[in-house]
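Residue-level listing of the chains:
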Amino acid sequence: MTTTDIIFLDIPAVLPVPFSPNTWKVRLALNYKKLTYVTRWVETTDIASVCTSLGIPPTSTLPDGTPKYTLPALIDNTTSPPALLSDSTPIIEYLERTYRDPDSSRALCVPASRALHALFEYHVAHSITAQLLPVMVMHMHDKKTPRDRVHFRKRTEAAFGKKLEDIELRGKEREEQWKKIEGAFDLLARLMKAGGTTGELFTGSNLSLADCILGGLLLAFRYISPDEAWIKVSAWNDGKWMRCMAVLEEWTAVV
Ligand SMILES: N[C@@H](CCC(=O)N[C@@H](CS)C(=O)NCC(=O)O)C(=O)O
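The rules behind each value
Residues numbered from 1 in each chain as written. Predicted model: local features only at pLDDT ≥ 70, side-chain atom pairs only at ≥ 80, totals over all residues. Heavy atoms only, no water. Helix = DSSP H or I, 4+ residues; strand = E, 2+ residues; numbered from the N terminus. Expected span 1.5 Å × (residues − 1). Buried < 20%, exposed > 50% of the residue type's maximum accessible area, 1.4 Å probe, protein only. Salt bridge = Lys/Arg side-chain N within 4 Å of Asp/Glu carboxyl O. 1 Å grid on protein atoms, 1.4 Å probe; cavity = no way out; pocket = protein on both sides within 12 Å on 5 of 7 lines; lining within 4 Å. Points joined across faces, edges and corners; volume = space filled by probe spheres on them. Nonpolar A, V, L, I, M, F, W, Y, C, P; charged D, E, K, R; others polar. Domains from an automatic or database assignment. Contact = heavy atoms within 4.5 Å. Polar contact = N/O pair within 3.5 Å; in protein donor to acceptor, adjacent residues only side chain to side chain. Pairing = 2+ DSSP bridges. Axes fitted to C-alpha atoms, helices over the stretch in contact; angles between N-to-C directions. Parallel < 35°, antiparallel > 145°, perpendicular 65-115°, else oblique.

(A) Here's a closer look at helix H1 (residues 21–32). A rise of 1.5 Å per residue sets the reference length of H1, with its 12 residues, at 16 Å; its end C-alpha atoms lie 16 Å apart and thus fit the reference within 8%. In terms of residue burial, H1 counts as a mostly covered element, since 10 of its 12 residues are buried. Listed as buried for H1 are Thr23, Trp24, Lys25, Val26, Arg27, Leu28, Ala29, Leu30, Asn31 and Tyr32.

Here it is in structure tokens:
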């Protein structure tokens, strides 16, 4: 395999590392599987035009009926025709099918776990990810490239009908929102403990799709909001999420 066989499309930040939870989720999987790949950096502003020109499919439909393009996306040139993929979970399932580890205990997502993983993903999306904007919106804005900041402000303000600064909660309301998010992490920590999982990951010492989903989110906290979100999350559940991050570190190279 040469370095251009797998092209991974990710979103740049003003940091030396990316900060999207969804792209981190796939990057963790690529690194865990020790696949050789190159990153093509695409600003959010350009996702639709770049994906359209490359033939990468949209991941959903916008309210006005037009296709919505998102990253991560991946091009695998080792097949003929090349595989053109979008949507983080289907990308990871593709990598798992195509680059199967001979050691079955290292599987990220066996087909039989698909429904359980979908349920896990649904829970995380609703109880954590959907709760983040009111406490992260300005941190997110500030970590974007100057061009993407303009794009993000325009779209988010149009969707919410208010200024970004007014979406951000303050004072008591902000603390209540963080309490809600903490409750969702408490539940995960409690279930992991009750399940008797040894180590910090969901299924032991090997990575699973659930770890990629949660790990992407933890990395996003760490890079988007190191002074607030990451400080809070690392203190929750007796430091469980900081220890989890220390384990994930092995698969966080950005190439
Ligand atoms: N279902 C998609 C969602 C990906 C997604 O929402 N990506 C965001 C970045 S975290 C994105 O590309 N947004 C582009 C936009 O909103 O225009 C996945 O899991 O890959």
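(B) Structural view of the pattern of salt bridges. Taken as a whole, this structure holds 17 salt bridges when the rule is applied. Between Glu182 and Lys179 there is a salt bridge, and its shortest N-O distance comes to 3.1 Å. Of this pair, Glu182 and Lys179 both sit in helix H8 (residues 171–194), three residues apart, roughly one helical turn. Among the salt bridges present, the one from Lys240 reaches Glu200, with a minimum N-O distance of 3.0 Å. Taken together, the residues span a long stretch of sequence, with Lys240 in helix H11 (residues 240–248) and Glu200 in the loop between H8 and helix H9 (209–224) at a distance of 40 residues. Taken individually, Lys240 and Glu200 each receive the classification buried, so the pair is uniform in this respect.

(C) Representation of the layout of surface pockets. Space inside the largest pocket adds up to approximately 1,400 Å³. In terms of lining residues, the largest pocket is bounded by 40 residues, among which Asn22, Lys68, Thr70, Met140 and Arg155 are the most central. Only H1, helix H2 (47–54), strand E4 (67–68), helix H5 (133–143), helix H6 (146–160) and H9 provide two or more residues apiece to the lining of the largest pocket. Grouping the amino acids of the lining of the largest pocket by side-chain chemistry returns 23 nonpolar, 11 polar and six charged. A domain split of the lining of the largest pocket shows at least three residues from each of domain 1 (6–109) and domain 2 (121–251).

(D) Just unusual backbone geometry, in detail. With an omega of 15°, the peptide bond running from Leu71 to Pro72 counts as cis. Tracing the backbone through its elements, the reader meets Pro72 in the loop between E4 and strand E5 (73–76). Residue Pro81 is bonded to the preceding Ser80 through a cis peptide linkage, with omega at 0°. Within the chain, Asn237 stands out as a residue other than glycine whose phi angle is a positive 50°. Position of Asn237 among the secondary structure elements: in the loop between helix H10 (229–235) and H11.

(E) Local environment of the environment of Asp76. For Asp76, the location among the structural elements is in strand E5. Note: C-alpha distance between Asp76 and Tyr37 (39 residues apart in sequence) is 9.2 Å. Apart from residues lying up to four places away in sequence, Asp76 is in contact with Asp5, Ile6, Pro82, Ala83, Tyr94, Thr98 and Tyr99. A distance of 2.6 Å separates polar atoms of two side chains, one belonging to Asp76 and the other to Thr78.

(F) Structural view of the sheet that holds strand E2 (residues 38–41). Pairing within the open sheet is mixed, and its four strands lie in the order E2-E1-E5-E6. Each edge of the sheet is formed by a strand with only one pairing partner; in this case those strands are E2 and strand E6 (83–86). Averaged over neighbouring strand pairs, the angle between their axes works out to 20° when direction is ignored. Here E5 runs beside E6; their pairing, made up of four bridges, is antiparallel. Within E6, the residue paired with Ile75 across the bridge is Leu84. Together, E5 and E6 form the strand contacts of helix H3 (residues 88–98), whose direction differs from that of E6 by roughly 140°.

(G) Inspection of the packing of H5 against H8 at higher detail. Relative to each other, H5 and H8 sit at 105°, their axes nearing to 10 Å. With respect to their mutual orientation, H5 and H8 come out roughly perpendicular. Taken together, the residues of H8 that come into contact with H5 (itself represented by Pro134, Val135 and His139) are Arg174, Gln177, Trp178 and Ile181. Grouping the amino acids of the contact of H5 with H8 by side-chain chemistry returns four nonpolar, two polar and one charged.

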